[in-house]
Amino acid sequence: MKTLYLIPARGGSKGIPGKNIKPFLGKPLICHAIDQAREAGAEDADICVSTDSEEIRKVVEGYGLKVPFLRPDSLATDTAGTYGVILHALEWYLEHGVEYERVVLLQTTSPLRRAEDITGAIDAWKPGIDMVVSVCEAATNPYYNAFETDAEGNLHISKGDGHYTRRQDAPKVWEYNGAVYVMDAASLRRMPMSEFPVRRPYVMPTERSVDLDTPADWIRAEQVAALIGN
């Protein structure tokens, strides 16, 4: 199965300025994603950093990975979505004679992801599955401690009859943690990820399900990494 390991890395970042090349545990953040892909068995020719930034390209190529293209400005705005970035990369490779059947999306903002998470998600994928996505147990459970307000402003349990008195007894619910997405390329060409009918979870521990959005997230992630030995 021909697999593209795609690492999106836009130059602009408001939450954490310059985050993709900001040092995290001693090396640029994006280099962690590159190392994880390599450790998961990816050949460099199949690892694509999609960026609009010459500065990011310089850092990545200085780390020994060729950046084959710069994405267009239309895919580098605050409103540009990951879906367009994926389709652009697939089309670029197709135009250059390489057809990928599967995409493994690795966001730079999940530095505590491990190679075993990537291989585990890949192993969970099989033909007929649109996507295997990494998840962790949700912090809030709609059967237990998530509430909605009615027309009068009163709180009611979000889902179920509200009879669960222990979180352990409530059905488990999951949230995407942003670390690994393994997607069928044909499915991607038909529809965006949010419309995939067949999505399977790959469960990761909560302590490694870090998604860097703010400077506080960054500090916590480095503290957690020191504790768990990442």
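The sections below set out a description of the structure shown in this document. Just so we're clear, the structure is a prediction, and the values are computed from it rather than from any experiment.

### Comments concerning the packing of aromatic side chains
Thought 1: Tallied over the full model, the rule gives seven aromatic pairs.
Thought 2: Ring geometry for W92 and Y93: centres 5.0 Å apart, planes at 85 degrees, overall edge-to-face.
Thought 3: Given the relative accessible area of 7%, Y93 is considered buried.
Thought 4: Here Y93 and Y100 contribute two aromatic rings whose centre-to-centre distance is 5.3 Å and whose plane-to-plane angle is 90 degrees, an arrangement assigned as edge-to-face.
Thought 5: Of the residues examined, Y100 reaches a relative accessible area of 3% and is grouped as buried.
Thought 6: A network of ring pairs unites the aromatic residues F69, W92, Y93 and Y100 as a single cluster.
Thought 7: Seen from the ring of W218, K22 lies directly overhead, with NZ or CZ sitting 5.2 Å from the centre.

### Quick look at the pattern of salt bridges
Two side chains bearing opposite charge may form a pair once their charged atoms approach each other closely.
Thought 1: Enumeration according to the criterion identifies seven salt bridges in this entry.
Thought 2: A salt bridge links K2 to D46, with the nearest nitrogen and oxygen atoms 3.2 Å apart. Residue K2 is located in the segment before β1 (3–8), and its partner D46 is located in the loop between α1 (29–39) and β4 (47–50); the two are separated by 44 residues in the primary sequence.
Thought 3: Ionic pairing is found between K27 and D35, a salt bridge with its closest N-O pair at 2.3 Å.
Thought 4: A residue is classified by how much of its surface remains accessible, and K27, at 24% relative accessible area, is partly exposed.
Thought 5: Overall, the relative accessible area of 13% leaves D35 in the buried class.

### Let's talk about the pairing of strand β5 (residues 102–105)
Thought 1: Where burial is concerned, the two faces of β5 agree: the one with R102 and V104 and the one with V103 and L105 are both buried.
Thought 2: Here β1 runs beside β5; their pairing, made up of four bridges, is parallel. Following the sheet pairing, L4 is matched in β5 by V103.
Thought 3: With four bridges joining them, β5 and strand β9 (residues 174–184) adopt antiparallel strand pairing. Residue pairing for β9: L105 is matched across the bridge by Y181.

### Some points on the pairing of β4
Thought 1: In β4, alternate side chains face the same way, and those of I47 and V49 on one face and C48 and S50 on the other are all buried.
Thought 2: Where β1 lies against β4, four bridges are found, and the strand directions are parallel. Bridge assignment links Y5 to a residue of β4, and that residue is I47.

### A look at the nonpolar core
Thought 1: Membership of the largest hydrophobic core comes to 30 residues, with the highest contact counts inside it found for Y5 and V49.
Thought 2: Among the secondary structure elements, those contributing two or more residues to this core are β1, α1, β4, α2 (54–62), α4 (115–124) and β9.
Thought 3: Among the elements that line this core, the one with the most residues is α1, at five residues.
Thought 4: Excluding its chain neighbours within four sequence positions, the residues that come into contact with V49 are I7, A9, I30, I34, V60, L65, V67 and F69.
Thought 5: If you look at the next biggest cluster of nonpolar residues, it comprises 21 residues, including F69, L90, M131 and V135.

Cut-offs used in this document
- Residues numbered from 1 in each chain as written.
- Predicted model: local features only at pLDDT ≥ 70, side-chain atom pairs only at ≥ 80, totals over all residues.
- Heavy atoms only, no water.
- Phe/Tyr/Trp six-rings, centres within 6.5 Å; stacked < 30°, edge-to-face > 60°.
- Buried < 20%, exposed > 50% of the residue type's maximum accessible area, 1.4 Å probe, protein only.
- Lys NZ or Arg CZ within 6 Å of the ring centre and 35° of its normal.
- Salt bridge = Lys/Arg side-chain N within 4 Å of Asp/Glu carboxyl O.
- Helix = DSSP H or I, 4+ residues; strand = E, 2+ residues; numbered from the N terminus.
- Pairing = 2+ DSSP bridges.
- Core = buried A, V, L, I, M, F, W, Y, C linked by side-chain atoms within 4.5 Å.
- Contact = heavy atoms within 4.5 Å.

These values are about where atoms sit, not about what they do.
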